[in-house]
Each structure stands twice: as C-alpha cells, then as structure tokens.
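# A structural walkthrough
Next come the chains, spelled out residue by residue.
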There are 2 protein chains.
Amino acid sequence: METPDTPASAAPTTSVADLDWSAASADPRYRAAVVDLLGALAYGELAAFERLAEDAKLAPGLADKAALARMAAAEFQHFEQLTERLRGIDEEPTAAMEPFAAPLDEFHRLTAPSDWLEGLVKAYVGDAIAADFYREVASRLDSDTRSLVLGVLDDTGHASFAVEKVRSAIAADPRLGGRLALWARRLMGEALSQAQRVVADRDALSTMLVGGVADGFDLAEIGRMFSRITEAHTKRMAALDLSA
Amino acid sequence: METPDTPASAAPTTSVADLDWSAASADPRYRAAVVDLLGALAYGELAAFERLAEDAKLAPGLADKAALARMAAAEFQHFEQLTERLRGIDEEPTAAMEPFAAPLDEFHRLTAPSDWLEGLVKAYVGDAIAADFYREVASRLDSDTRSLVLGVLDDTGHASFAVEKVRSAIAADPRLGGRLALWARRLMGEALSQAQRVVADRDALSTMLVGGVADGFDLAEIGRMFSRITEAHTKRMAALDLSA
C-alpha cells in the first residue's frame, strides 16, 4: 500500500518543495533554473531600484519624494540578498543577471511614467505583479530558495502608500481614472510581452516555473499562470477604482 | 582665582560639546541651528541618493551599476537616520529640509556628470567634502547630535571603489587626467558657491558652524573653514593623480 494518507490532490512523487537546496540542486536542470530565477529577480530588483529612484524626481513634494526613494532603497536591499545567495552557491551574479537585462530594460523603457501618478501606479502594479509571481513560483522551489524568495517578497507597506495617493487623486479629479486605467493596462501588457520573451528564451527556467519535469515545458500551463496573475491584477485595479 | 587648571587654548566658558541635546537645546539659537543642520544634511543625502541612482545608469557594466546603486542606498539610510532624529525632536523633516532644496538641487543641476568617470569623481569628491564638513561641524555639537552626525559619516568604503576605478582609467588613458582634474575643480567651485549662498541665508546655522556665540557670525572664520575643506580636497585630488 503506497502512501495511503496522501491527499488525492498531492503529487505522488517527491516534490522539490520537500527538499533543501543541497538535495534539490543535485539535478543540474533544477540548479540552472534556480540560477536563472535568482538572476532574473536580482536584475528585476536593480532595475526597479533605478526606475523608482528616477521617478522620485517627479514627486510633488519632499515627503512624497522620500517615500518613493524609500521604496527604491528597499528594492536595493532585495537585490543584495539575491546576489548574495548567488555568490553563496558559487554563481557570478553578473553572469546570472545578464540574460534578463534586455527584456527588463525594454519593459522600463517602454513604460517610463510621464508624471507622478503614473509613476505611483507603476510602482504599485509592478510590486504587486512581482509579489504574485514570487508566490506562484515559491511552491516550486526547494525549502532554502523558497524562504529566500518569500523573504524578499516580505510586505514593505509600499502598496498602501500608492493606493492612498492614487485614490485621493482620482476622487479629486475623476477624469484621471480613465487615463490611469489605460496606463495600468499598458503596464500589464508590456510586462506580459517581455515575460513571454523570457519564457521563449529560457527553457530550464520556464520548465521549472510550471513544475515540469520532462524535457521541454507545458506552454498551456505557463499561459494559465499568466492568466492567474492578470486576474489578480484586474481585481487590484478595480479596488483602486481603475477598471482594468 | 578663576579656573586655574583650564589650558590656555580651551574656551573659558562651558562648551556646547560638553552638553547633551536636552541641555544644549535650551538655547533657542542653538536649537534652530541644529534643526537647520539636520535639515541640510538630510536633504543633501536625499539629493545624493537621487543623483547616484541616476548616475548608476552610466555604468559600463552590471557590477559597476550595482556598486553605485549600493552607494545610493547607503545615502538613503543616512537620510532616514537624520529625518528620524528631526521627528524625534518634534520637527517636521520636510520643513527643515525645504530651505536647502534650492541650493542643493542647483548644485546637482550644474554638475550633472556627462559620463561614468565624471560620475565616479563626483561621488568621490562629494562624499569626501561631506565627510570633511561633518567632521568640522561635529566638534561644535552637543554629544547627542555629534554621535548622530559621526555615525552618518561612518566610512562605507565607497571612496576606495571610485579611486581604484578612476586611477586605472587614467593609467589606461592619461589624457583623461586633464579633463577629470578640470571637472573636480568645477565640482569644488560649484559646491563652494552654493555653500556661500546657504551661509548668507541661514544666520543661526552659520553662527553655530564657526562656534560663534554673539549675534551675527564671523565671516572670516567661515572663510577659513572653507579653505581647510578646499585644501583637503586638493590633497585628495593629487592622490588620485588629478592635480586640482
């Protein structure tokens, strides 16, 4: 009788989630996927840092500028944690990040906010999409990598700052709502389009993301992950009085 | 017989350096001067954060970009410490920083680096001038404010990064030396010119800076402080193979 107390929904084989890094990384495909993941997250944090610091210049006042700078500094701390882990597993952070620089730079280039409110919506949407993605991927990770990723995800209270500012701006001038809703939609569209590019380029990462074990990966499952993230985005935009 | 054991060089009256904040701040002029100082330092750190984050974009590679972002994040931590102290003494940080925003913004506007090496020289020179200034002013401060200021000054190892990069760039292309020496001279000139503007505008701060107690302040002593800082700058530039 095999594992009679396993719920029907659980995977029958040992999941990587039950292993720690030293056990899980014995599989070179898994190892390569995690190096990719940490490299992508690290570059994402560095690019977010740069962009938030840049957007801080759009702030209407000193307190708002400081709040955005605080978000940027928090992203940099995440960057440090991620690159430290890469060095800890004998990977050169620069080499791990390099493949993700072009798509992330392109995303930021295509979505440079034209004013303070667009910057806030971008910070909020970007943070939230990143958090959803981190949570999705956490369950596919060994225990050590998972606790790093969930630690980096740790709520920093940034979201509530942006939500409050955007809500009160829309309350004061309801016409803003339409423009910002369009902007949020564009952000999500550009994010998905760059994510597709990464999926197409990085086999090991993509396979791991959907819990694949065979060669190649399940494109439909990737699609489902993207839809879950898009749905969560749509709900958040509604909460912000922006119909996405 | 009055205080026979006081060395001839020591001030005959109790120095503010022997008091803590609660004793020293009973003098409203001293209190106003410290609020000005903390406001100026805080805005300086915030502006430095923004500028370093911006200059990180000029980095030739990911490792260099991360190094500059690290310097920026450290400045932001200093900003947080300074604004926290302001709140701790019931002063609104924004109000305290406001008078210094224009001169500091103007300094950065006039000294936007045109390439990576100019950015590094600026980060190095700016950091060093700030450190000299912090050290000059520390001896005029009550014990609590002094330990805050010296803590913020705490060496972060940034200087050696910039020095190493600039030195090796000049070794590889000696013609760079002339251009960067000119640049360093311009940085110092613009810094002094904005500092003069602050001195002219902020009486209480300027009086405290030179240890004045009477109404008004000793302009000659301010001049001597500026020359000490300029001399230290000149020596550092020589060490960097830049004759300033």
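Figured I'd write up the structure that's included with this text. Because the structure is a prediction, the values reported are computed rather than measured. (Residues numbered from 1 in each chain as written. Chains lettered and ligands numbered in written order. Predicted model: local features only at pLDDT ≥ 70, side-chain atom pairs only at ≥ 80, totals over all residues. Heavy atoms only, no water.)

### Quick look at the overall build of chain A
Each helix and strand in chain A was counted, giving ten helices and zero strands. Along its sequence from the N terminus, chain A presents helices and strands in the succession α-α-α-α-α-α-α-α-α-α. The burial tally for chain A puts 49% of its 244 residues in the buried class. Considering only contacts in chain A between residues 6 or more positions apart, those separated by 24 or more positions represent 76%. As displayed, chain A has an accessible area near 11300 Å², and 54% of this comes from carbon and sulfur atoms. (Helix = DSSP H or I, 4+ residues; strand = E, 2+ residues; numbered from the N terminus. Buried < 20%, exposed > 50% of the residue type's maximum accessible area, 1.4 Å probe, protein only. Contact = heavy atoms within 4.5 Å. Areas by Shrake-Rupley, 256 points an atom, 1.4 Å probe, with all protein chains shown as cover.)

### Some points on the pattern of salt bridges
Across all of its chains, the model carries 26 salt bridges over all chains by this definition. Between Glu50 of chain B and Lys65 of chain A there is a salt bridge, and its shortest N-O distance comes to 3.1 Å. Residue Glu50 of chain B is located in helix α2 (residues 28–55), and its partner Lys65 of chain A is located in helix α3 (residues 62–88); the two belong to separate chains. For the pair Glu50 of chain B and Lys65 of chain A, one class covers both residues: buried. Here Arg236 of chain B makes a salt bridge to Asp132 of chain B, at a shortest N to O gap of 3.0 Å. Of this pair, Arg236 of chain B sits in helix α10 (residues 219–239) while Asp132 of chain B sits in helix α5 (residues 116–138), and the two are 104 residues apart along the sequence. (Salt bridge = Lys/Arg side-chain N within 4 Å of Asp/Glu carboxyl O.)

### Things to note about the interface of chain B and chain A
Across the boundary between the two partners, chain B contributes 23 residues, which contact 23 residues of chain A. Buried surface at the junction of chain B and chain A, both sides included, amounts to about 2000 Å², of which 66% is carbon and sulfur. At the surface where chain B touches chain A, the tally comes to six salt bridges. Residue Glu54 of chain B is joined to Lys57 of chain A by a salt bridge in which the shortest nitrogen-to-oxygen separation is 2.4 Å. Where chain B packs against chain A, one counts eight residue pairs in polar contact (both at pLDDT 80 or more). Broken down by secondary-structure element, the contributors of at least two residues to the side of chain B that touches chain A are α2, α3 (62–88) and α4 (93–110) of chain B. Tallying contributions element by element places α3 of chain B first for the side of chain B that touches chain A, with twelve residues. Among the residues forming the side of chain B that touches chain A, the class breakdown is 14 nonpolar, two polar and seven charged. (Buried area = accessible area lost by both parts, 1.4 Å probe. Polar contact = N/O pair within 3.5 Å; in protein donor to acceptor, adjacent residues only side chain to side chain. Nonpolar A, V, L, I, M, F, W, Y, C, P; charged D, E, K, R; others polar.)

### Quick word on the relation of the copies chain B and chain A
Relative to chain A, chain B is turned by 180° and slid 0.0 Å along the rotation axis, the superposed coordinates differing by an RMSD of 0.0 Å. Those values place the two copies in the arrangement expected of a two-fold rotation axis. Relative to the rotation axis, the C-alpha of Ala73 of chain B is the closest in chain B, positioned 2.6 Å from it. (Least-squares fit on C-alpha atoms with pLDDT ≥ 70 in both.)

### Quick word on the packing of α3 of chain A against helix α5 (residues 116–138) of chain A
Residues and elements named next belong to chain A. At their nearest, the axes of α3 and α5 sit 12 Å apart, and the two run at 30° to each other. Regarding the angle of α3 to α5, the classification is roughly parallel. The handedness of the crossing between α3 and α5 comes out as left-handed. For the pair formed by α3 and α5, the contact residues are Asp64, Leu68, Met71 and Glu75 on the first element and Trp116, Leu120, Ala123 and Asp127 on the second. When its residues are assigned to classes, the contact of α3 with α5 shows five nonpolar, no polar and three charged. (Axes fitted to C-alpha atoms, helices over the stretch in contact; angles between N-to-C directions. Parallel < 35°, antiparallel > 145°, perpendicular 65-115°, else oblique. Left-handed = near helix turned anticlockwise from the far one by under 90°.)

### Concerning the environment of Arg202 of chain A
Residue and element names in this part refer to chain A. For Arg202, the location among the structural elements is in the loop between α8 (176–201) and α9 (203–209). In sequence terms Arg202 and Ala33 are 169 residues apart; their C-alpha atoms lie 8.5 Å from each other. Excluding residues that lie within four positions of it along the chain, Arg202 makes contacts with Asp36, Pro99 and Phe100.

### With respect to the packing of aromatic side chains
All names here are of chain A. In total, this model carries seven aromatic pairs over all chains according to the counting rule given. Ring centres of Phe76 and Phe79 lie 5.4 Å apart, and the angle between their planes is 35°; on these two criteria the pair is classed as tilted. Taken together, the residues span about one helical turn, with Phe76 and Phe79 both in helix α3 at a distance of three residues. One exposure class covers both Phe76 and Phe79, and it is buried. (Phe/Tyr/Trp six-rings, centres within 6.5 Å; stacked < 30°, edge-to-face > 60°.)

### Side note on the nonpolar core
Grouped together as the largest cluster of nonpolar side chains are 160 residues, with contacts concentrated most on Met208 of chain A together with Met208 of chain B. Contact partners of Met208 of chain A, with chain neighbours within four places excluded, come to Tyr30, Ala33, Val34, Leu37, Val137, Arg140 and Leu141 of chain A. (Core = buried A, V, L, I, M, F, W, Y, C linked by side-chain atoms within 4.5 Å.)

### Some words on the environment of Ala123 of chain B
Residues and elements named next belong to chain B. Topologically, Ala123 is positioned in helix α5. Remark: the alpha-carbon pair of Ala123 and Ala48, spanning 75 residues in sequence, is separated by 8.4 Å. If we skip the residues at most four places from it in the chain, Ala123 touches Leu52 and Met71.

### Structural notes on the packing of α3 of chain B against helix α6 (residues 143–153) of chain B
Residues and elements named next belong to chain B. One can describe the packing of α3 onto α6 by two numbers: an axis separation of 10 Å at closest approach and a directional angle of 165°. For the element pair α3 / α6, the angle class is roughly antiparallel. When the axes of α3 and α6 are compared, the crossing they make is left-handed. Across from His78, Gln81, Leu82 and Arg85 in α3, the residues of α6 making contact are Asp144, Thr145, Leu148 and Val152. Here the residues of the contact of α3 with α6 are counted per class, giving three nonpolar, three polar and two charged.

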